[in-house]
Amino acid sequence: MGKNCIVMISRLFSALRVGSRSFTSFKTPHQAAAPTQTDLPSYQKSLIWRSSNLGMLELDLLVGTWAKKNIEGFSLEECRKYEEDVLAIETPDLYKYLVENKLPVEKEPKLAENKYIRVLRDVIHSGRKPDFVGEKI
């Protein structure tokens with residue numbers, strides 16, 4: 001590598017720094033500390049944002065609208081369970097489960113017991129608007 005290339009790489013790494021922190025020091029949601037009861041409102045907002053930004057417009061509208069109306073009433077444990085049961089699923093798989101109503105045979109028993117998937121599928125396939133409130137989960 002030439003000297004110019006090394007200088008460019010050095011500038012690139014310098015540009016990636018934010019203040020005194022580099023991008024490598026940021027924690028992903030899985031690396032971050034588990035939220036506590038005092039963090040509940042910000043945790044709920046984070047879940048609502050993630051539900052509204054899944055990467056497919058149909059899911060963003062359906063799941064995001066439902067989340068905006070229901071997550072604020074969730075306890076900390078319900079929020080954690082929602083994150084595990086819905087937001088941990090890859091977006092294409094979530095689309096298949098919710099919209100196309102296709103459950104894989106090997107995962108079907110687990111997903112059939114998933115209360116959040118069940119409620120979201122019921123909302124989507126019943127023709128109700130996803131902004132309903134009061135559905136007991």
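A short tour of the structure in this document, coming up.

1. Some remarks on the overall build of the protein
Move 1: For the protein, the helix and strand inventory stands at 7 helices and 0 strands.
Move 2: Reading the protein from its N end, one meets helices and strands in the order α-α-α-α-α-α-α.
Move 3: Taking all contacts inside the protein whose residues are at least 6 apart in sequence as the whole, residues at least 24 apart take part in 59%.
Move 4: A total accessible area of about 9,400 Å² is found for the protein, and carbon and sulfur atoms account for 55% of it.

2. Looking at the pattern of salt bridges
Move 1: Throughout the structure, instances matching the rule amount to 4 salt bridges.
Move 2: The closest approach of N and O atoms between Glu83 and Arg50, which form a salt bridge, is 2.5 Å. You can see Glu83 sitting in helix α4 (residues 76-87) and its partner Arg50 sitting in helix α2 (residues 40-52), a full 33 residues away along the chain.
Move 3: Take Arg50: its relative accessible area is 21%, and that puts it in the partly exposed class.

3. Points about the nonpolar core
Move 1: Ranked by internal contacts, the top residues of the largest apolar core, which has 28 residues, are Trp66, Ile71, Tyr82, Val86 and Leu94.
Move 2: Of all elements in the fold, only α2, α3 (57-70), α4, α5 (91-98) and α7 (115-126) reach the threshold of two or more residues within this core.
Move 3: Ile71 has contacts with Gln44, Leu47, Ile48, Ser51, Cys79 and Tyr82, leaving out every residue within four places of it along the chain.

4. Thoughts on the packing of α3 against α7
Move 1: Axis separation between α3 and α7 bottoms out at 11 Å; the angle between their running directions is 115°. In this view, α3 runs roughly perpendicular relative to α7, as classed from their interaxial angle. You can see that α3 and α7 cross each other, and the crossing is right-handed. Here α3 contributes Leu62, Val63 and Trp66 to the contact with α7, which in turn contributes Tyr116, Val119, Leu120, Val123 and Ile124.
Move 2: Grouping the constituent residues of the contact of α3 with α7 by class yields 8 nonpolar, no polar and no charged.

5. Comments concerning α4
Move 1: Between its first and last C-alpha atoms α4 spans 15 Å; for 12 residues at 1.5 Å apiece the expected length is 16 Å, and the two agree.
Move 2: Of all the positions in α4, only Leu76, Cys79, Tyr82, Glu83, Asp85, Val86 and Leu87 are classed as buried.
Move 3: Residues of α4 that are buried in the fold lie against α2, α3, α5 and α7.

6. Quick look at the environment of Gly64
Move 1: Within the element layout of this structure, Gly64 appears in helix α3.
Move 2: The class of Gly64 is buried, set by a relative accessible area of 0%.
Move 3: Distance from Gly64 to Leu47, taken between C-alpha atoms, is 9.2 Å for residues 17 residues apart in sequence.
Move 4: Residues in contact with Gly64, not counting those within four places in the same chain, are Ser51, Ser52 and Leu59.

Reading guide: rules and limits
- Residues numbered from 1 in each chain as written.
- Predicted model: local features only at pLDDT ≥ 70, side-chain atom pairs only at ≥ 80, totals over all residues.
- Heavy atoms only, no water.
- Helix = DSSP H or I, 4+ residues; strand = E, 2+ residues; numbered from the N terminus.
- Contact = heavy atoms within 4.5 Å.
- Areas by Shrake-Rupley, 256 points an atom, 1.4 Å probe, with all protein chains shown as cover.
- Salt bridge = Lys/Arg side-chain N within 4 Å of Asp/Glu carboxyl O.
- Buried < 20%, exposed > 50% of the residue type's maximum accessible area, 1.4 Å probe, protein only.
- Core = buried A, V, L, I, M, F, W, Y, C linked by side-chain atoms within 4.5 Å.
- Axes fitted to C-alpha atoms, helices over the stretch in contact; angles between N-to-C directions.
- Parallel < 35°, antiparallel > 145°, perpendicular 65-115°, else oblique.
- Left-handed = near helix turned anticlockwise from the far one by under 90°.
- Nonpolar A, V, L, I, M, F, W, Y, C, P; charged D, E, K, R; others polar.
- Expected span 1.5 Å × (residues − 1).

Structural measurements only, silent on function.
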